[in-house]
Amino acid sequence: MATAPERLLLRLEWKVVRRLDGRLQGDHRTAHRGSGIDFTGLRAYGDGDDARHIDWNVTARLDEPHLRVFTEDRELTVWLVLDRSASMAAGRPGRGKHDVLAELALVLARMFGRGGNRVGALLFDTGMLRVVPPGTSRRHALRIGAELERTSAARGGATTDLAEMLDAAGRLARRRALIVVLSDFIGDGDWERSLQRLVRRHEVVALRIVDTADDVLPEAGLIVVEDAETGEQLLVDSADPMLRVRFRAAVDARDARLTAGMRRAGVPVHRIDTDRDLAEALVEVVARTRDRSP
């Protein structure tokens, strides 16, 4: 009998992976200074460049330091950083944020793995880590799915330390890699500084998983509001106009801080709504990523 991850991957391969085939793959050729296979040209030396890769003959001729630039064709290592904290349990049964995260992780692991790239996963829950080392096969994607199923029961506790989650990714990815962070980014910690450290060495993409419950306070009279991260409960009047204004302002401020921090770090952040078709959302992510490319 097929396991739950196997059934989920079969469904995703039919409904999502087939529609994305050819859109998320490529030869993953990336420009790195001073190493690689194919010489592509020269460019002026800039602050922070490695002086070992200066072309001294061209520098002497032009009287200005220039670097040799190569294009390196190599296997890509991808790390999926998966937020398994309590706030990721929000959403309707069967289509909550943790369900969408599991689908995204399986699709990305399968798509990148099909292209011959190695995909690993870091599952983070308020300081608790599970690591799936990089691999390429379909069975490896299922291994990531099995770990997600094992951590599917949300645990209460302290608010997610986003900085620690990003620092853990930096410690894990010792060689240059593509790091895809899948999270609702609800948490605390000096995450922006951690993100900037991560970006210095790796290419980083953020997929922000959002549910309506994150953004909208239902107008249903007296309701009990619970902090998904800490479990703290509070009785509030959801019809109170002032409360609704404060709630909206808090949501807008949270979104503005996230957007500004990502922009300062140079990290693209893509919003994935739980009620959105997954294939359409990923096609949009790919299109926006290509639009950013020079």
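Above this text sits the structure in question.
Residues numbered from 1 in each chain as written. Predicted model: local features only at pLDDT ≥ 70, side-chain atom pairs only at ≥ 80, totals over all residues. Heavy atoms only, no water.

Caption draft 1: Quick peek at the environment of M88. One can find M88 in the loop between β4 (77-83) and α3 (97-114). Through-space distance from the C-alpha of M88 to that of H98 is 5.2 Å; in sequence the pair is 10 residues apart. Setting aside chain neighbours within four positions, we find M88 in contact with D83, K97, H98, L101, S183, D184 and I209. (Helix = DSSP H or I, 4+ residues; strand = E, 2+ residues; numbered from the N terminus. Contact = heavy atoms within 4.5 Å.)

Caption draft 2: Examining helix α6 (residues 191-201) more closely. Burial in α6 covers these residues: W191, E192, S194, L195 and L198. Buried residues in α6, looked at end-on, bunch into an arc of 155 degrees, giving them a common side. For α6, exposure combined with an orientation more than 90 degrees from the buried face picks out R193 and R200. On its buried face, α6 sits against α5 (162-172), β7 (178-183), β8 (203-210) and α8 (241-265). (Buried < 20%, exposed > 50% of the residue type's maximum accessible area, 1.4 Å probe, protein only. Arc of directions from axis to C-beta.)

Caption draft 3: Spatial organisation of the pattern of salt bridges. Under the definition given, this model contains 19 salt bridges. Where E13 meets R138, a salt bridge forms, and the shortest distance between an N and an O atom there is 2.9 Å. With E13 in helix α1 (residues 4-20) and R138 in helix α4 (residues 138-150), the pair connects residues that are 125 residues apart, well separated along the chain. Overall, the relative accessible area of 28% leaves R138 in the partly exposed class. Of the charged contacts in the structure, one is a salt bridge between D184 and K97, with a shortest N-O distance of 2.8 Å. Highlighted residues: D184 in the loop between β7 and α6 and K97 in helix α3, separated in sequence by 87 residues. Judged by relative accessible area, D184 falls into the buried class, the value being 2%. When its relative accessible area of 0% is taken as the criterion, K97 is described as buried. Put simply, R208, D215, R254, D255, R271 and D273 are held in one network by salt bridges that share partners. (Salt bridge = Lys/Arg side-chain N within 4 Å of Asp/Glu carboxyl O.)

Caption draft 4: Local environment of the pairing of β7. Summarising burial for β7: 6 of the 6 residues are buried, a large majority. Every second residue of β7 is oriented toward a common face, with L178, V180 and L182 on one face and I179, V181 and S183 on the other, all of them buried. Strand direction decides the pairing type here: β4 and β7, joined by 5 bridges, are parallel. Across the sheet, L82 pairs through a bridge with L182, a residue of β7. Pairing geometry for β7 and β8, over 6 bridges, is parallel. From the neighbouring strand, L178 faces β8, where its bridge partner is E203. Crossover connection from β7 via α6 to parallel β8: handedness right-handed. (Pairing = 2+ DSSP bridges. Right-handed = clockwise from strand over helix to strand, strands pointing away.)

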